[in-house]
Amino acid sequence: TQSETRFLRNVKFSLLVPLYNTPERFLHEMIQSVLDQTYANWELCLADGSDAEHGYVETICRAYTGKDARICYKKLEKNMGISGNTNVCIDMATGDYLALFDHDDLLHPAALFEVMRAVCEQNADFIYTDETTFHRIRRDASQPHFKPDFSPDTLRSYNYICHFTVFSRDLLNTAGGGFRPEFDGSQDYDLILRLTEQAERIIHIPKILYYWRSHVNSVASD
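Conventions and cut-offs
- Numbers given to residues run from 1 along each chain, matching the order in which its sequence is written.
- Residue-level local features of this predicted model are given only where pLDDT is at least 70; pairs of side-chain atoms are given and counted only at 80 or more, and the full residue set underlies all totals for whole chains, interfaces and linings.
- Processing note: side-chain calculations cover all non-hydrogen atoms of the structure and skip hydrogens and water entirely.
- Secondary structure counts use DSSP, requiring at least four H or I residues in a row for a helix and at least two E residues in a row for a strand, with both numbered from the N terminus.
- When we talk radius of gyration, it's over C-alpha atoms, and the globule rule is simply 2.2 Å times the number of residues to the 0.38.
- Buried, partly exposed and exposed residues are distinguished by accessible area as a fraction of the type maximum, computed with a 1.4 Å probe on protein chains only: under 20%, between the cut-offs, and over 50%, respectively.
- Any two residues having at least one pair of non-hydrogen atoms within 4.5 Å are treated as being in contact.
- Here a cavity denotes a set of grid points, spaced 1 Å apart and computed over the protein atoms alone, in which a 1.4 Å probe fits but from which it cannot get out, and a pocket denotes an open set meeting protein on both sides within 12 Å along at least five of seven lines; residues with an atom within 4 Å of a point are reported as lining.
- Grid points are joined across faces, edges and corners, and a volume is the space filled by probe spheres set on the points.
- Put simply, Ala, Val, Leu, Ile, Met, Phe, Trp, Tyr, Cys and Pro go in the nonpolar bin, Asp, Glu, Lys and Arg in the charged bin, and everything else, Gly too, in the polar bin.
- Put simply, a salt bridge is a Lys or Arg side-chain nitrogen that is within 4 Å of an Asp or Glu carboxyl oxygen.
- Here is the rule: rings of Phe, Tyr and Trp (six-membered ring for Trp) pair when centre to centre is within 6.5 Å. Planes less than 30 degrees apart are stacked, more than 60 are edge-to-face, and the remainder are tilted.
- Lysine and arginine charges are scored as sitting over a ring when NZ or CZ, respectively, is within 6 Å of the ring centre and within 35 degrees of the ring normal.
- Two strands pair if DSSP finds at least two bridges between them.

A description of the overall build of the chain should follow, citing residues and the corresponding values.
Across its full length, the chain carries seven helices and nine strands. In summary, the chain has a C-alpha radius of gyration of 16 Å against a globular reference of 17 Å for 222 residues, a match within 12%. A total of 222 residues make up the chain; the buried ones form 51% of that total. Residue pairs at least 24 apart in sequence account for 79% of intrachain contacts in the chain once pairs closer than 6 positions are excluded.

Give a description of the layout of surface pockets that names residues and reports values.
Over the atoms rolls a probe the size of a water molecule, and its path tells where empty space is left. The calculated volume of the second largest pocket comes to roughly 240 Å³. Looking at the second largest pocket, it is lined by 14 residues, and the ones nearest its centre are Y97, D125, S168, D170 and E200. With four residues, the single largest contributor to the lining of the second largest pocket is helix 6 (residues 169-174). The residue makeup of the lining of the second largest pocket, split by class, is three nonpolar, four polar and seven charged.

Please give an account of the pattern of salt bridges that cites residues and values.
Taken as a whole and assessed by the stated rule, the structure comprises 13 salt bridges. Put simply, E43 and K12 hold a salt bridge, and the shortest N to O gap is 3.4 Å. Residue E43 is found in strand 2 (residues 42-48), and its partner K12 is found in the segment before strand 1 (13-19); the two are separated by 31 residues along the sequence. When its relative accessible area of 4% is taken as the criterion, E43 is described as buried.

Give a description of the packing of aromatic side chains that names residues and reports values.
As enumerated under the stated definition, the model contains ten aromatic pairs in all. Ring centres 6.0 Å apart and planes at 70° place the aromatic pair F7 and Y39 in the edge-to-face group. Here Y39 lies in the loop between helix 1 (24-35) and strand 2 and F7 lies in the segment before strand 1, a separation of 32 residues in the sequence. Since its relative accessible area comes to 21%, F7 is described here as partly exposed. Residues F13 and Y97 carry aromatic rings whose centres are separated by 5.9 Å and whose planes lie at 55° to one another, so their mutual orientation is tilted. In this pair, F13 is assigned in strand 1 and Y97 in strand 4 (residues 97-100), connecting sequence segments 84 residues apart. Like F13, the residue Y97 is buried in the burial classification. Grouped by ring-pair contacts, the aromatic residues F7, F13, Y39, Y97 and F113 constitute a single cluster. The ring of Y64 has K67 sitting right over it, with the charged end atom 5.9 Å from the ring centre. Seen from the ring of F26, R213 lies directly overhead, with NZ or CZ sitting 3.9 Å from the centre.

Lay out the side chain of T86 in plain terms, naming residues and giving numbers.
Here T86 is to be found in helix 3 (residues 81-92). Overall, T86 belongs to the buried group, its relative accessible area being 4%. Once residues within four sequence positions are removed from consideration, T86 is found in contact with P18 and F179.

Tell me about the pairing of strand 6 (residues 126-134), and please be specific about residues and values.
On a regular strand, each side chain points to the face opposite its neighbour's, so the side chains alternate between the two faces of the sheet. Buried residues dominate strand 6, accounting for nine of its nine residues. Of the strand pairs in this sheet, strand 6 and strand 8 (residues 165-168) are connected by three bridges, and their pairing is antiparallel. When the bridges of strand 8 are listed, I127 appears paired with V166. Sheet topology places strand 6 next to strand 9 (residues 202-213); nine bridges connect them, and they run parallel. Within strand 9, the position partnered with F134 by the bridge is R213. Inspection of the sheet shows strand 6 paired to strand 7 (residues 143-145) by three bridges, in the antiparallel sense. Along strand 7, the bridge assignment pairs T133 with Q143.

Okay, structure coming up:
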């Protein structure tokens with residue numbers, strides 16, 4: 001089985017999740033999708049910029065940190081925006097590879113396993129996967145996004161890579177570091193352009209391993 005597979009390398013993945021007033025059900029489901037991963041060498045870095053009215057976010061996260069040491073949580077003194085909050089996640093991370101993960105989305109249980117295969121078998125330093133959009137539960141997913149292998153011309157037209165994006169810490173440093181607040185709203189696009197420009201081995205995994213939730217307040221529904 002996947003959980004019993006032994007790889008030649010020992011790679012730790014840091015999942016970066018900035019939190020902001022995350023609905024309770026979405027928060028539980030997001031964290032559970034990480035706990036369900038068949039590849040176990042990961043850490044979940046949660047930086048919480050939620051306001052005082054959403055104090056349950058901290059309560060829930062601290063409960064999880066008490067149950068699993070791989071879950072790391074930091075309550076921010078103020079909300080610094082998507083780039084600032086994610087950069088705190090980067091500062092928290094101790095993994096060899098970093099992965100971008102939104103606070104209301106889900107991972108397929110084999111997501112990190114498949115990424116690990118790409119790292120070990122193809123020496124990938126930048127990995128992305130196919131994704132799909134869902135509403136309430138995974139089974140209602142109805143908008144699969146089957147992406148091409150790396151296409152710089154397409155990427156310069158729009159951010160077709162989007163989710164699920166994983167890259168080595170060394171690559172991030174080479175590409176100029178983390179998120180830039182002046183690009184908030186398109187911060188992922190800016191980072192992906194910088195990373196792919198410097199990457200030595202970009203691998204597309206042609207499998208749906210990321211579930212992008214569409215709800216009234218999400219980009220996916222706009």
